[in-house]
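# Chain and residue survey
Listed below, chain by chain, are the residues.
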Amino acid sequence: MNSSSLRRAAGLLLAGSLGLTAVACSSGGGESAAGGKVTITVNGQPPQTQAFDRKVFDEDVAEFEAANPDIDIEPREGFMDPRTFSAKLAGGQLEDVFYAYFTDPANLIARRQAADITDYVRDVPHYDAIRPELREVFAEDGRVYGVPTANYSMGLVYNRALFTEAGLDPDRPPATWDEVREAARKITALGDGKVGFAEYSKNNQGGWHFTAWMYSVGGRIARQDGDKWVADFNDDKGKAVLRHLKDMRWTDGTMGEKQLLVIEDVQQMMGSGRLGMYLAAPDNIPTLVNQFKGDYADYGLAGIPDGEGTLIGGEGYMLNPKASPEKIEAGLKWISWKFLNPDRFEKNLQRYKDQGQPIGLPVPPVSDVWTGDIAARQTELKEKLATVPVANFKSYVDATPEGLIEPPNAQQVYAILDNVMQAVLTDRDADPARLLADAEAKVNPVLAQVK
């Protein structure tokens, strides 16, 4: 699994672990340093094994401190680690500024484990230009508890070389699931072990991708019913998704004989030139190039088929609930300067380019969280400094499906839905209606745990 997917999975596990204990947080670090400076602890510093990323982070700390002589930053390695987070909360070791995955804020807010920054965030430059659906991830009942700094959404990764070989136009990737099915037929017809489309079905990844399918056709996995959550996938949309997968697997024969796949299997298939399409986020493209010696010119990324909605994930930063007003102000100044500063777009892109990093993909170093003029400026700079063919990813960038976060208790729900995906892809006689009814009966008790 690629780095952002690993961080995502860790965050999802954390969301569950927080339910085991409710503890008070206390601010890490001293209230101030010598000379009246405010000292804040922040996490997110890359480990020394990631030499380039660590160098960038440390340079940013030094530059920020030079520009803000009244603030000292004490960086700490790592992000959210579910094995240690509860202990840090209980022991008063939580950083003043801490990283949070999109799956975390709801639990943190409910347990009052993040500072209410509503009265401070109005001073964050360009806050209103951040995509509203991302801001909402860190808000509840009109109050703000964090700031989004990066996000991803699902799209369709496809092999442009195989599209050309199969007589498909690589500049017009499939926009619907019916078009995906037709393209998969033509790619599989090339023979020589070519597979039109692949899908995950193990290690909770099958349930994760079933969720992506459901969102793409306007469906949902869970909904609120009064003060509780209930399953919301056992309906016509859920049955249609499973029938489509079943038809591609068994009627068309376009998904290959080997099943029970995970992300590494599918990436290997794409990297070896045997796979036509799969669902993924943009950061899969560098993985295909770096790990499998691929060429950026051979890969494309399209918007999610049907485009009724797309699964989004991402990250942001929250503040320790015991932090003083001075620490909160200093922490927000760091977050906005480091992660949300349009004035630093070009510099960040250039230094990544100078180090041979790919520029032009819809991934960091410049986060795609913006709307309006800032988003347009970002796109212009990426195109100006591009080292990869940005046209290959244009249909993904231009797509505007509704962004939807993962369901509550996502990993437990995904584990149950794995069985649904596995059955459809390994059993020719699988009954979608029965599979969904059985899964609904198991998911509802999991959702009933959500408070």
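Reading guide: rules and limits
- Residues numbered from 1 in each chain as written.
- Predicted model: local features only at pLDDT ≥ 70, side-chain atom pairs only at ≥ 80, totals over all residues.
- Heavy atoms only, no water.
- Helix = DSSP H or I, 4+ residues; strand = E, 2+ residues; numbered from the N terminus.
- Rg over C-alpha atoms; globule rule 2.2 N^0.38 Å.
- Buried < 20%, exposed > 50% of the residue type's maximum accessible area, 1.4 Å probe, protein only.
- Contact = heavy atoms within 4.5 Å.
- Areas by Shrake-Rupley, 256 points an atom, 1.4 Å probe, with all protein chains shown as cover.
- Axes fitted to C-alpha atoms, helices over the stretch in contact; angles between N-to-C directions.
- Left-handed = near helix turned anticlockwise from the far one by under 90°.
- Nonpolar A, V, L, I, M, F, W, Y, C, P; charged D, E, K, R; others polar.
- Expected span 1.5 Å × (residues − 1).
- Parallel < 35°, antiparallel > 145°, perpendicular 65-115°, else oblique.
- Salt bridge = Lys/Arg side-chain N within 4 Å of Asp/Glu carboxyl O.

### Points about the overall build of the chain
For the chain, the helix and strand inventory stands at 18 helices and 14 strands. By the compact-globule yardstick of 22 Å for 451 residues, the chain fits well, its C-alpha radius of gyration being 22 Å. Expressed along its principal axes, the backbone C-alpha trace of the chain runs to roughly 75 × 50 × 35 Å. Relative to its 451 residues, the chain shows a buried fraction of 55%. When contacts within the chain are restricted to residue pairs at least 6 apart in sequence, long-range pairs at least 24 apart make up 78% of them. Entry remark: accessible area of the chain is about 18800 Å², with carbon and sulfur atoms responsible for 47%.

### Describing the packing of helix α9 (residues 205–216) against helix α10 (residues 236–251)
Relative orientation of the contacting elements α9 and α10 amounts to 115°, with a least axis distance of 10 Å. Handedness of the crossing formed by α9 with α10: right-handed. For the pair α9 and α10, contact is made by F210, W213 and M214 and by K237, G238, V241, L242, H244 and L245, respectively. Looking at side-chain class alone, the contact of α9 with α10 contains six nonpolar, two polar and one charged residues.

### Things to note about α9
Here α9 is 12 residues long and its end C-alpha atoms lie 17 Å apart, about the 16 Å a rise of 1.5 Å per residue gives. In terms of burial, α9 is a largely internal element, 12 of the 12 residues being buried. Among the residues of α9, those classed as buried are Q205, G206, G207, W208, H209, F210, T211, A212, W213, M214, Y215 and S216. Taken from the residues just after α9, G218 is the one with a positive phi, measuring 90°.

### Here's the deal with the packing of helix α11 (residues 263–271) against helix α12 (residues 284–292)
Look at α11 against α12: their axes get within 10 Å of each other, and the N-to-C directions meet at 65°. It follows from the interaxial angle that α11 and α12 lie roughly perpendicular. Relative to α12, α11 is oriented so that their crossing is right-handed. Along its contact with α11, which presents I263, Q267, Q268, M270 and G271, the element α12 presents N284, T287, L288 and F292. Among the residues forming the contact of α11 with α12, the class breakdown is four nonpolar, five polar and no charged.

### A few points about the pattern of salt bridges
Within the structure shown, the criterion is met by 27 salt bridges. As a salt-bridge pair, D96 and K327 come within 3.4 Å of each other at their nearest N and O atoms. Here D96, found in the loop between α3 (85–91) and β3 (97–101), pairs with K327, found in helix α13 (residues 325–339); they are 231 residues apart in sequence, far enough to count as distant. Summarising the burial analysis for this pair, D96 and K327 share the class buried. A salt bridge links R185 to D252; the shortest N-O distance between them is 3.6 Å. With R185 in helix α8 (residues 177–188) and D252 in the loop between α10 and α11, this pair connects stretches of sequence that are 67 residues apart. The class for R185 is partly exposed, based on a relative accessible area of 33%.

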